[in-house]
Amino acid sequence: MVNDSFPLHKRLKVWERDSGALHSVSESKPFMGSVLDWTQSGAKIALVYDRKEEKQCPSVALFEKNGLERSSFSINDAIDVTLEFLKFNCNSDLLAAVVRGETFDTLKIWYFSNNHWYLKQEIRYLKDDGIKFTWDLTNPLKLMCWTLDGRVVSYKFVWVTAVTDNSIAFVIDASKVLVTPFSLSLMPPPMYFLKLEFQSAVRDMAFSSKISQNHLAASLSDGSLCIVELPPLDQWDDLEGQTFKIEASYSGTEYGSLLHLSWLDSHVILGVSHFDEDVRTGYYLHEIEISCSEDRSPGSVTCAGWHAETSHQISLEGVVIGIAPNQLISRSAFVQFDGGKMFEYTSKLGGLQRCDDMAFLSSCPWMDAALVGEKPLLFGLDDNGRLHFERRVLCNNCSTFSFYSNSGEGMMTHLVITTKQDYLFIVDAGDIVHGQLEQKYGNFLPVVVRKKTGESENVFVHLWEKGAQIIGVLHGDESAVILQTPRGNLECVYPRKLVLASIFNALAQGRFRDALLMVRRHRIDFNVIIDHRGWEAFVESAADFVRQVNNLSYITEFICAIKHEDIMETLYKNYVSLPCINGDKSSKTIIDGDKKVYSVLLSIRKALEEQIEETPARELCILTTLAKSSPPVLEDALKRIKVIREVELSTATDPRRKSYPSSEESLKHLLWLSDTEAVFEAALGLYDLSIAAIVALNSQRDPKEFLPLLQELERMPPLLMQYNIDLKLERYESALRHIASAGDSYYEDFTNLMKKVPELYPLGLQLVGGDSCKRQQVLEAWGDHLDATKCFEDAATTFLCCFCLDKALKAYRSCGNWMGVLTVAGFMKLGKDDVLQLARELSEELQALGKPGDASKILLEYCGDVDGGVSLLVDARNWEEALRVGFLHRRDDLILVVKNASLECASLLVGEYNEGMEKVGKYLTRYLAVRQRRLLLAAKIKSDELSLGYPDDETASQASSNFSGMSAYTTGTRRGSSASTTLSTSTRGRGRQRNRGKIRAGSADEEAALVDHLKGMSLSEGGKIELKSLLISLLMLGEEDTARKLQRTAEKFQLHQIAAVKLAEDAGSTDNIDEQALTLDHYTQSVRKQVLNSDAFSWQSKVLL
């Protein structure tokens, strides 16, 4: 500061730090003393103007370092005060000063935002204290004060957002409180809706909203307590722009400056005061009863006549960090002390009760309580960005948080938080209660969330400006989050998760109009209204939907947006955990899209006809439902247009004429919604050529395309015209009926149509009626079609109905039905030699088809060839029947043939069962080796992931191949019976399971292929029947030892196979291979006890056990 020629004027001079050269000089100003301070960046300099000559109080001016004044503001104090110790904090966002007055000194702290300086704190001291201060060098919100008598006071300030549950915002600015209801007007401070003026600066305030009563309590710097009652929000229209002066409430006691104010109910306040007197000292908790002596007028602000009286006072042993009211219990609150210790204050008990289960791990300056179900939940945010809840940390990088409720009962449904990385997260209350935060939100790190879920829109939103913080939410259907940027402006965002929660909540309550308005406002898919609980439920409530919406434009827009898919399973599948969906939606997962669209539109159409009066707009809406149906019901729509046209053409006065739009407008509306070609074909389908012509003209078709067709149809007889239209539209059943009614002259067209469309043969039989000649012709043509399509059984039956026996015999022979062939031969009265020749031919054909059992029956019954019949029975492994036939004809030679064949078959089976047991052991050993190596590989990859990240798929595949060794998979080549269990794919597979495919060593699916092969080696049902027949035959022939050996070998093989499958399944379900427990012998003994007497071993003969 340099004195000027004027006595009270000075100039500001700035010199360069390095060179000492003069940098700039300001104009001559009435600066007060030498009070000034630089911002940390050096961009601005704060000084004080002495404005006594203007009879005004001092003001603070901010200069740039080039000597130009940037801005200034008045300190709003007495004229004769002086200002000392002006100083910025370490972030330069707060400016503090000591103002010396006649009776007391004050410490004032200003904050700059949105081009306005707000006085945020005013702390009064006695004149004798000689108060001085300094800011903390590292903590921008910590300030140290000291007095001349050696008393040192440390202040730690926190920013508290004053936005209530009903979205009313309060901003403290010295002795004024700026009030703005965000639900009515979203304007940033210093603008406001209404203003409250107090007698001195406001230090703290609290707001209460109970039903229709809104109360504000404010603690002033002079120790006064003020109460204001505001009207309900729906009566605020006349209050805009007004200023109300608030009187201090009368009190018989002295509180000092109350802090941590909190409303327990509409007549009780809780607050903390600090005294430093001889009589009393320390912190005290006050419960204050509030009453009003003045009459209140509806719709006005009550700002006078309030009385406050302390009903209870408690001495506190520590510093109170915060107070949050308990919404579950009346006149109760949670009180937080230093270190996060939590106590509950209850008015009835008059004391503090410790709540260790709700305590925080550290002090949390920002604390709030929310009600979830029947339990209050406490959340706290500390200075390090940790969000605390029930002695645990929910988030390590939180910057602000708030609660959202979509119900009118005040229950919290979502927690809304912002992180230091500038992301907005929407957290379900259920996820907090059930401890699913890590699983769904990945410690609130976007990279982790995307990696876990692949989706982000339903979890977090990226904020557009760095440092934006939550200052409030709009609850219920508004579903908005209000953010304030560092520049001071306000922004309102609508997270998709909250919007959908609001919509589903409205639908659950049956508020269809509110839900539809939210869907339109936020551009949500209309199908959420249908799919949120399943379209079947919507069909039942379609009448309520139409009645509530009562806006045909909205309903038409809704109809046009209906989709076949269930969007809750596609577009919004990540939101199905919302509470309003759980338990309501049908468990059906596969949706029939056509049925959904048809049923929904049908129910809406019925509701429109029943509940909406007849108007042109209603008729157009009904036409929309017909056009958008699936499939479109265009014929019904054209019928309605036809009625409208008839009303227009009628000469009589019809009252319905005013209720309908014009036929031209209706038709153009239908053509705009539908495919013009489909509408034209539907018009033809009505057999009304005039309507078809009007449709063609309005669809801008070339007359050369449709006029010749319509003229040609007009010249035809009615039935023939309808027949040709049906053919063009491929309505073949209707065409067949019309051509059948046209007479016998068109019978050839009748038969040709059935040949062209074979599905019409059943209808053709009905249409020919009792005409036997035509019936025979239709049946024969139908049989020829079935025979050509290789439906030989049906063809033969059809030929029999029309007595075409030659064709029936041929059809039976083509499908291998030898009994049908021989039966038809009997109907045809064939000679004995012809039947014998036919039987031998059939026997040879059946042998070639692999049916020796049927061939043997023909030889025995029709040809009398006993030798050939027994030989074929042996080939069919029908041992008991072969013995019966041999004994029937008393042929010992045939019995010997059967005996030798059965002994040979038993020997082959014993060898194959032994070979099968070897393969079971080989496959099982290989499986265990591959499984163990794969587990080792997985463990190695997992350990590498922790240090090096995730390997790519190619690397893992190569490692898997390297770990797998060589193996030999052999298949049996010897020939045996159908009871064989060899893995060969030869033609004897009737008695065993089919092969499951080739095993490829080292492939990714080698384990599964090995298990499939083990399962495929089991005895088939056919093989068990043949094995049982062979055992019985051996016993009949006296070969008991051979039978016993065969049965024991087969039993051993079957036990080994079953045990091997169970062992492989057990090994596949565990990550630890125990070589001592997983042995085939151990499992075989265990399986023997469990299944030996089961149906799987029903083929055994007890005499051989």
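The rules behind each value
Residues numbered from 1 in each chain as written. Predicted model: local features only at pLDDT ≥ 70, side-chain atom pairs only at ≥ 80, totals over all residues. Heavy atoms only, no water. Helix = DSSP H or I, 4+ residues; strand = E, 2+ residues; numbered from the N terminus. Contact = heavy atoms within 4.5 Å. Expected span 1.5 Å × (residues − 1). Buried < 20%, exposed > 50% of the residue type's maximum accessible area, 1.4 Å probe, protein only. Salt bridge = Lys/Arg side-chain N within 4 Å of Asp/Glu carboxyl O. Core = buried A, V, L, I, M, F, W, Y, C linked by side-chain atoms within 4.5 Å. Pairing = 2+ DSSP bridges. Axes fitted to C-alpha atoms, helices over the stretch in contact; angles between N-to-C directions. Phe/Tyr/Trp six-rings, centres within 6.5 Å; stacked < 30°, edge-to-face > 60°. Lys NZ or Arg CZ within 6 Å of the ring centre and 35° of its normal.

(A) Looking closely at the environment of V25. Here V25 lies in strand 4 (residues 22-25). For the pair formed by V25 and G67, sequence separation is 42 residues and the distance between their alpha carbons is 5.4 Å. Residues contacting V25, with those up to four places away along its chain left out, are R11, L12 and K13.

(B) Seen up close, helix 32 (residues 1021-1036). Relative to the 22 Å expected for 16 residues at 1.5 Å per residue, helix 32 spans 23 Å between its end C-alpha atoms, a close match to the ideal helical length. G1023, K1024, E1026, L1027, S1029, L1030, L1031, S1033 and L1034 are the residues of helix 32 that are buried. Count one or two residues on from helix 32 and you reach G1038, which has phi positive near 85 degrees.

(C) The pattern of salt bridges, seen in detail. All chains considered together, the criterion is met by 51 salt bridges. Across the pair R51 and E54 runs a salt bridge, and its minimum N-O distance is 3.2 Å. Here K596 makes a salt bridge to D531, at a shortest N to O gap of 3.1 Å. Taken as a pair, K596 in helix 10 (residues 593-611) and D531 in helix 6 (residues 528-531) lie far apart in primary sequence, 65 residues in all.

(D) Focus on the nonpolar core. Counting residues in hydrophobic clusters, the biggest one holds 114 residues, and the most contacted among them are V528, I529, F538, F558 and L638. Setting aside residues up to four positions removed in sequence, F538 forms contacts with F512, I529, I530, F545, F558, V600 and I604.

(E) Layout of the sheet that holds strand 14 (residues 142-146). Taken in spatial order, the 3 strands make up an open sheet running 13-14-15, and their pairing is antiparallel. Single-partner strands in this sheet number two, and they are strand 13 (132-135) and strand 15 (152-156). Across this sheet, the average inter-strand angle for adjacent strands is 20 degrees, counted without regard to direction. Pairing analysis gives 5 bridges linking strand 14 to strand 15, with the strands arranged antiparallel. Note on strand 15: the bridge partner recorded for W146 is V152.

(F) Up close: the packing of aromatic side chains. Scanning the model with the defined rule gives 25 aromatic pairs in all. Judged by centre distance (5.9 Å) and plane angle (85 degrees), the rings of F512 and F545 are edge-to-face. With F512 in helix 5 (residues 512-522) and F545 in helix 8 (residues 542-549), this residue pair connects regions lying 33 residues apart in the sequence. Pair check on accessibility: F512 and F545 agree, each one buried. An angle of 20 degrees between the planes, with centres 5.6 Å apart, marks the rings of Y913 and F1053 as stacked. Residue Y913 is located in helix 29 (residues 892-948), and its partner F1053 is located in helix 33 (residues 1040-1068); the two are separated by 140 residues in the primary sequence. F1053 shares its class with Y913; the two are buried. Joined through ring pairs, the aromatic side chains of F512, F526, F538, F545 and F558 make up one cluster. Here K120 stacks its cationic end above the ring of Y118, 5.1 Å away from the centre of that ring.

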